[in-house]
Amino acid sequence: MVVGAQWGDEGKGKIVDVLAEGADLVVRYQGGANAGHTVVKGDEEFILHQIPSGILHPGTRCVIGNGVVLDPETLLSEMDDLERRGVTVAGRLIVSLRAHLVLPYHKLLDQAAEREQRIGTTGRGIGPAYEDKYGRRGIRVADLRDLSRTLERIGERVERANRLLSLMGSSLRASVEEHCDLLRRLAPRLMPMAADTSRITYDALREGKKVLLEGAQGALLDVDHGTYPFVTSSNTTAGGAAVGAGIGPTAIDAVLGVVKAYTTRVGNGPLPTEADPQEAARLRELGEEYGATTGRPRRCGWFDAVVVRYAARVNGLTDLAVTKLDVLDTIERIPVCVAYRIGDEIVEDMPADSALLDSAEPVYEELDGWCRPTGDARRLADLPPQARAYLDRIQDLVQVPIRYVSVGSRRSQIIG
Ligand code: GDP
Ligand code: IMO
Ligand code: MG
């Protein structure tokens, strides 16, 4: 399993693409089109929102599991885009019959809720779609089998959404007609790809095939373990994978946490190690830190060992992949946060209360930079001693072995 161990955008797409070589299945198990996973193949960049990052390996099948909230329009346009760019998707992508659909009214509700809550969501309808799922009024892929019955139900759902929009003081309104047209258009394309993906994954595991589970977002965006309420609406941590893929937890034998060599976050909420504006701007330029889904500039700061140690605990991480080490190549002294000062106390554990976290002052240790390019390193021994010392310190602080180090966005730019 590959999970994000910070606030998302750690480089999961790149790591999954590298590991997918030789994998039979790559399974997305939570989140939806809020994700933006970048894979660089040769000179081409692909940003995947809904389709698993294994899709660029022709021999790998990709699964969208039951725990994902599926935006059918995004899915189909992503498929068309990939096919246009020479990637065969047809016959290789399987969608769970149990996955819930994200419909246009969910996006309107997301936008309306943002006016008050200001979480800084991606606007992709994720929260409202999961609310419908847990409120037991969601529409699932399986419901498209009996389309006429679903078209009857959709009217009620849209009207309910419109009542909510009006209560929220929003002038946005969803149209029943538009929803019916959409479902009529999409159902015939979606249904041939739909199956019991839990069964497919189970069978692949029983046959001893390599199955990779691809997480979206990151531990600090988990609805239970993240910086609530500034989180997404799913369990992004490892526990969510068994549920969202429809397999037992005993089937999972390794959990790889992906972390950037520094920290970023998109959207609102606490970010204790956020750098001062000038340093943040430098990191943003060096790391090209702009959201893959919304294009928003990412907030940037230093590596936070409190965050990653916590992510290691709540995920049961067995290994780490450290990405974007090359982004730090020109930084002379690199701060690393080892604890927080909250009031008079030194705290080494992530506080549960977001307000407390707002007042947390990072306790920094400063490490020497290496001031040399690392993009061509392919073995740890190729890295400058200061870069190795930096990685050693991270490993020490987090107490999880570093298995991979990524030194550029390309497939080949990996140590491990
Ligand atoms: P994800 O959501 O976790 O898959 O990450 P994103 O794709 O949203 O953001 C990661 C960005 O960093 C993408 O633009 C990647 O191409 C890029 N990237 C991944 N690994 C590296 C690396 O080691 N070095 C550099 N410079 N860029 C990387
Ligand atoms: P990947 O998979 C970074 C953030 C949003 C917002 C919060 C809630 O590419 O790492 P939502 O739309 O989910 O209701 O937004 O979560 N967020 C992400 N941040 N990477 C992501 O995905 C994210 N998906 C959601 O910015 O703060
Ligand atoms: Mg991303």
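For the structure, see preceding data.
Counting of residues starts from 1 at the beginning of each chain's written sequence and follows it residue by residue. Chain letters start at A and ligand numbers start at 1, both assigned in the order the entries are written. Two thresholds apply to this predicted model, a pLDDT of at least 70 for residue-level local features and 80 or more for giving and counting side-chain atom pairs, whereas whole-chain, interface and lining totals are computed over all residues. Where side-chain values are given, they derive from all heavy atoms of the structure, hydrogens and water being excluded.

Here the focus is the site of ligand 2. We call a residue near a given molecule or strand whenever any one of its heavy atoms falls within 4 Å of it. The immediate surroundings of ligand 2 are formed by 20 residues, with Asp 9, Lys 12, His 37, Thr 122 and Thr 232 found nearest. His 37 is positioned such that a nitrogen or oxygen atom in its side chain is 2.6 Å from an oxygen atom of ligand 2. Its residues assigned to classes, the shell around ligand 2 comprises 7 nonpolar, 10 polar and 3 charged. Here a polar contact is taken to be a pair of N or O atoms separated by no more than 3.5 Å, where protein atoms must pair a possible hydrogen donor with a possible acceptor and residues adjacent in sequence count only if both atoms sit in side chains. Any residue that is not Ala, Val, Leu, Ile, Met, Phe, Trp, Tyr, Cys, Pro, Asp, Glu, Lys or Arg is counted as polar, Gly included; the first ten are nonpolar and the last four charged.

With that out of the way, let us pick up the coordination of the magnesium ion (ligand 3). Any N, O or S atom lying within 2.8 Å of the metal counts as a donor, and for Na, K and Ca the limit rises to 3.2 Å; water is left out, so some sites can look incomplete. Summarising the metal site, the magnesium ion (ligand 3) is bound by the protein donors Asp 9 (OD) and Gly 36 (O), whose distances to it range over 2.0 to 2.2 Å. Of this pair, Asp 9 sits in the loop between strand 1 (2-4) and helix 1 (12-19) while Gly 36 sits in the loop between strand 2 (25-28) and strand 3 (37-41), and the two are 27 residues apart along the sequence. Overall, the relative accessible area of 11% leaves Gly 36 in the buried class. Helix and strand definitions here come from DSSP, where helices need a minimum of 4 consecutive H or I residues and strands a minimum of 2 consecutive E residues; each element is numbered from the N-terminal end. In this scheme, a residue with accessible area under 20% of its type's maximum is buried, one over 50% is exposed, and one in between is partly exposed, where area comes from a 1.4 Å probe on protein chains only.

Time to look at the environment of Ala 174. Examined against the element boundaries, Ala 174 turns out to sit in the loop between helix 5 (147-167) and helix 6 (176-190). Considering only alpha carbons, one finds Ala 174 and Leu 317, 143 residues apart in sequence, at a separation of 43 Å.

Right, let's talk about the site of ligand 1 for a bit. The environment of ligand 1 is formed by 18 residues, the closest being Lys 12, Gly 13, Thr 38, Asp 326 and Ser 406. Between ligand 1 and Gly 36 there is a distance of 2.9 Å, counted from an oxygen atom to a backbone nitrogen or oxygen. Residue burial considers only the protein chains on display, and all accessible areas are found by Shrake-Rupley using a 1.4 Å probe. If ligand 1 stood free it would expose 590 Å²; the protein chains cover 91% of that surface. Contributing elements (two or more residues each) for the shell around ligand 1: helix 1 and strand 3. Looking at the shell around ligand 1, the element that brings in the most residues is helix 1, giving 3 residues. Across the shell around ligand 1, the residue classes tally to 3 nonpolar, 8 polar and 7 charged. Residue assignment places the shell around ligand 1 across two domains, with domain 1 (2-96 + 196-256) and domain 3 (259-415) each supplying three or more. Domain borders in the structure are assigned automatically or taken from a domain database.

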